[in-house]
Structures are given as structure tokens and as C-alpha cells.
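Per-entry structural report
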Amino acid sequence: MNLPHLHLLLNHWPIIGTFVGLGLLVLAIITRSNDIRQASYVVFALMAVATIPVYLSGNAAAEKIKKMPEVAMTVIDTHEGAALLAFAALEITGVLALMGLWQFSRSKDYSPQFQPSTGIAMGVLIFALATAGLVAVAGNTGGDIRHSEIVEKGAAASSVATMGANWLAGIRYFVVDYSRWVWPVLEAMHFIGLILLLGTVCLLNLRIMGFYKVLPVAPLQNLLPWGIAGLIINVITGFMFFIGMPFFYVDNWIFQMKIAGIVLAAALLLLYCTASFRKWDWVGPNDDAPGLAKFVAFSSTVLWIVVVVLGRYIPLGAPN
Amino acid sequence: MEIPHFFQTIEESGISNWVRDNPFWAILTIHALGMAMLVGASTVIDLRLLGIAPNLPIAPLRRLYGVIWAGFWIQVVSGLLLLIGYPTKSFTNFDFYIKLILIAFGMVAMVMLKKRVFSDPNMSEPDMMAKGRSLAIWSLVFWLGAVTSARMLAYTYTYISYPY
């Protein structure tokens, strides 16, 4: 399997996932079911993680087919623009959904009567609707690339996709050409995000694994939003690097492995934010965490360290 | 300003060549992980003293100084190796001195914080937070500056090795 294949395999997931999540959210609002609402949030958060490799593999797919006579580069550019906007909207939806899950997992009096935040639900709903529209455009323009049978004659290019393509060009200009200091500053921010993420998540992990047993687990979980803030900083700065110099990264096997590591580690982080793992909160001072918790904590620590190591080695994996 | 000739002597030594040839990226990676330990553990202490995670007991966080010192010595050893590899590149860069000063300030802030907040086991948590507040803010500022100036080293050097 190569990257274009991966792109085709994964790219339907964010579209289907967005509509599934949206359906669940509407159902949750109608039935006032907290369980369905959490399920909807989990779907959105997972989709936000899963769409990262979808976006990144797109450049490789474009590279592979752009020399084919039946493929027009303008159609690919339009798709890339729509994809950027859909990606951004889905990431915001995912972050809001994560905040919703966080609220559920933190509520001391969790019960069927628990009233979750309406503001978060509305935020998720609005951004999910925007995402649904944008993934539809991204999917349509993507389909146009290789399926000339579905292209309608004389159809105007999507204005949304054109806007996205302009944004893409703007970001690339800002990161690479605007000033020689933009890239270094983004790198510094990427390291600060790394420190926030590893400092908080690994401390919680170490406690669950059995170090620093004097500390209770529940308050350590309150540090997690800072780690998630670090992750958000790094996803944003990381994507700016990628958009700035895509061909430094696309065919870079070390970068590909780093992304795989991030997807796995971020999924474990999501696990920490779901209410099903609230029972770990009962692990007080000098208590032993359950074996499954220790396994997750150990995996998370190893994965984040591997991600840092691979990140540092990216220049060595770049194609010549 | 003239570049001292002994930088060239260092660069021609066996250990300097070894650093540049082989383990350079490995040392750089260890330097990044050491940074995560040193600054990550410091940041957790600082944030807690500034009021984050208010039900996390403060006194046991004293044990994080183990991580801080382990990270610090990892940085000293890996940093010295990198310095032996590229003495001219580092010492001719003004930013390098800023970085060293900020790290020194960061460490001094953490040591003072330990003395002021963690030395008296009977101190109440509100007292710990009140006494540690300004040092915690300063420490965050110093670490932010140290990490930024450190990352800038890759973009601000004039010479990569002794100019012939």
C-alpha cells in the first residue's frame, strides 16, 4: 500500500463520521440522552484525529496523478483548498467535542440527571454543520479529479473551494516567504507545545504506572487541558510547516511514522477524557491503578517519547 | 572580534569529529528529551503554584525536583558534547550566551522556589502559593525565553566551523 492508496482508503471516514456524529448529536438533543451525546462527541474527536493522515496523504496522491493526461491540476488545487477548510472545521469541532467529553468526565455527580453544557453542544452543532458542508465540497471536488463522468458541464468552480485554495497559498507565503523568522518562531512554539504536552501527560502517566504514589490521580487529570493545549499548538504549527514545505514531509518515512505515532497517542489521550475512565479517579494517594490503566499509561508515555524522537530525526528521512 | 584559534584545535580533535559524524542527531534528540524533563517538570510546579489543578497537593510535587535535576544533567552532558562538535558555531553566536544566561536564571528560580516553598513541611498550601507566586511567574518567563533562544540557535549562527 502506498500513500495515495491510504488517502483513498481513509478519505471517506471524515465525511461519513461527520454525518454519523451530527445524527447522534441531533438525536441526543431530542431525546436528552447523555450517553448518545457522549457517543457523538467521541465520534467527532476520533474523526478529528483520523482526518490528520487523510489531509497529509493528499499531497502524495496529487503528486502521483498530476502527470496523468486526464487529470487537471486546477481540479486538484480546488480540492486541496476545500480539504483545508474541511480539515480546519473538523479539528475545531473535535476540540469542542473534547471539551464536552472533558466536562462529562469531570462532573463529580455524574448521573442521568447531569446537565451538560448547552454552549458546548451548540458549538459542536454549529461547527459540525459547517464541517458537513465543507466535507461535502471536499468530497465532491475530490471525486471530480478522477471521475469525469460525474462532472457537470459548465458547472462553476465552488467558491468555497477557491477561498480555501487562496488561504492555502496565503499560509504557504506566510510560513516560507513573508519573513525568515516565521519558521524559527513556529519551531520554538512547537517545542513549547511539546513541553506542555509531555510535562502534563507523562506526569499523569507516571503516577498511574505507580511512580509518585503519594499523589492522587484525579487532580492530576486536571492538568490534562494544558497538555491538550500543547497538542493543539503543535497540530497548528505542525500543519503550517507541512503546508509551507509539503515535499519535505510527504515522502519522508520518518515523518510518516511520526504521524502514525501521534494518531495512536492522541487516541489514548482521548481515552483519558471519556467518562468511562472516571473510575481511575478513585485511585487516591498510595492506591494502585488497575492493570489496564497502567498499560494505557505506559503505552502513552512510550508513544509520546517515540514521537519526539521521530520528530527530531525528520531531516534525516527527507527525500534527496 | 577575532575567533580564538583553539576552536579549530577542538574541531580537529577525535571526539569533535566523532560527534559530528555519528551520533549528532541522537545527541540532539536526547537534548530535546532532557529539555522536556527539565522544563516540563518545572512548568507543572509553576502552574500548580499559580492555581492550576487546585486540589492537587503541592508538597509532594517536591519530588519532581528529581526529574528537574536529572533533566538538567542530561542537558549539561549532551550540551557539552554538542559544543565539542561545533564550538565555533556556538561561541560566535550572541544568542548562545542569551540562552545560557536564561537557563541559569531558570535554574536559580527553581532552586529559590524549592527553598522558599518546599523546605517547610508545615507550611499551608495558601502560604506556599502566595510565597511561590512571583518566582513561578519568573521561572515560566525564563524557561519560555530559554527554549525560544535555544531553538533560534539553528537559525542565527554566522559560522558553522572555524573559518580558514
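Above this note sits the structure.
The paragraphs below set out a description of the structure included in this document. Here the structure is a predicted model, which is why all the values come from computation and not from measurement. (Residues numbered from 1 in each chain as written. Chains lettered and ligands numbered in written order. Predicted model: local features only at pLDDT ≥ 70, side-chain atom pairs only at ≥ 80, totals over all residues. Heavy atoms only, no water.)

1. Quick notes on the packing of helix α7 (residues 182-209) of chain A against helix α11 (residues 253-272) of chain A
Residue and element names in this part refer to chain A. Their axes nearest at 13 Å, the elements α7 and α11 cross at an angle of 50°. On the basis of the axis angle, α7 is oblique to α11. Remark: the crossing between α7 and α11 carries left-handed chirality. Along its contact with α7, which presents His190, Leu197, Val201, Leu204, Asn205 and Ile208, the element α11 presents Lys258, Leu269 and Tyr272. By residue class, the composition of the contact of α7 with α11 is six nonpolar, two polar and one charged. (Axes fitted to C-alpha atoms, helices over the stretch in contact; angles between N-to-C directions. Helix = DSSP H or I, 4+ residues; strand = E, 2+ residues; numbered from the N terminus. Parallel < 35°, antiparallel > 145°, perpendicular 65-115°, else oblique. Left-handed = near helix turned anticlockwise from the far one by under 90°. Contact = heavy atoms within 4.5 Å. Nonpolar A, V, L, I, M, F, W, Y, C, P; charged D, E, K, R; others polar.)

2. Focus on the nonpolar core
Counting 116 residues, the largest nonpolar core has Tyr41(A), Tyr55(A), Ile208(A), Tyr272(A), Ile45(B) and Leu64(B) as the members making the most contacts within it. Per element, the largest residue contribution to this core is 14 residues, and it comes from α7(A). Among all residues touching Ile45(B), those that are not within four sequence positions of it are Leu61(B), Leu64(B), Tyr65(B), Ile68(B), Met110(B), Leu113(B) and Phe118(B). (Core = buried A, V, L, I, M, F, W, Y, C linked by side-chain atoms within 4.5 Å. Buried < 20%, exposed > 50% of the residue type's maximum accessible area, 1.4 Å probe, protein only.)

3. A word on helix α6 (residues 94-118) of chain B
Residue and element names in this part refer to chain B. Helix length check: α6, at 25 residues, gives a terminal C-alpha distance of 36 Å against a target of 36 Å (1.5 Å per residue), a fit within 8%. Buried within α6 we find Asp95, Phe96, Lys99, Leu102, Gly106, Met107, Ala109, Met110, Leu113, Val117 and Phe118. Looking at the buried residues of α6, the elements they touch are α3 (24-49), α4 (64-85), α5 (87-91) and α7 (125-156). (Expected span 1.5 Å × (residues − 1).)

4. Some words on the packing of aromatic side chains
The description of two aromatic rings rests on the distance between their centres and on the angle between their planes. Per the counting criterion, the structure on display carries 24 aromatic pairs over all chains. Judged by centre distance (6.4 Å) and plane angle (65°), the ring pair of Tyr173(A) and Tyr178(A) falls under edge-to-face. With relative accessibility at 53%, the residue Tyr178(A) sits in the exposed group. Seen from their ring centres, Phe91(B) and Phe96(B) are 5.7 Å apart, and the 85° between their planes marks the pair as edge-to-face. A network of ring pairs unites the aromatic residues Tyr55(A), Phe87(A), Phe239(A), Phe242(A), Phe248(A), Tyr249(A) and Phe255(A) as a single cluster. Above the ring of Tyr86(B), the side-chain terminus of Lys89(B) is found at 5.0 Å from the ring centroid. When the ring centre of Tyr157(B) is taken as reference, the NZ or CZ atom of Lys89(B) above it lies at 4.6 Å. (Phe/Tyr/Trp six-rings, centres within 6.5 Å; stacked < 30°, edge-to-face > 60°. Lys NZ or Arg CZ within 6 Å of the ring centre and 35° of its normal.)

5. Digging into the interface of chain B and chain A
Tallying the contact residues gives 30 residues for chain B and 33 residues for chain A. Summing the contributions of chain B and of chain A, the shared interface buries around 2900 Å²; its carbon and sulfur component is 81%. It is Trp25(B), Arg151(B) and Tyr155(B) that lose the most area in chain B upon contact with chain A, and together they represent 23% of the buried surface on that side. Arg151(B) serves as the salt-bridge partner of Glu187(A), at 3.2 Å between the closest nitrogen and oxygen. At the junction of chain B and chain A, the tally comes to four residue pairs in polar contact (both at pLDDT 80 or more). Breaking the side of chain B that touches chain A down by element, the ones donating at least two residues are α3, α4 and α7 of chain B. When residues of the side of chain B that touches chain A are assigned to their parent elements, the largest contribution, 13 residues, is made by α3(B). Classifying every residue of the side of chain B that touches chain A gives 22 nonpolar, six polar and two charged. (Buried area = accessible area lost by both parts, 1.4 Å probe. Salt bridge = Lys/Arg side-chain N within 4 Å of Asp/Glu carboxyl O. Polar contact = N/O pair within 3.5 Å; in protein donor to acceptor, adjacent residues only side chain to side chain.)

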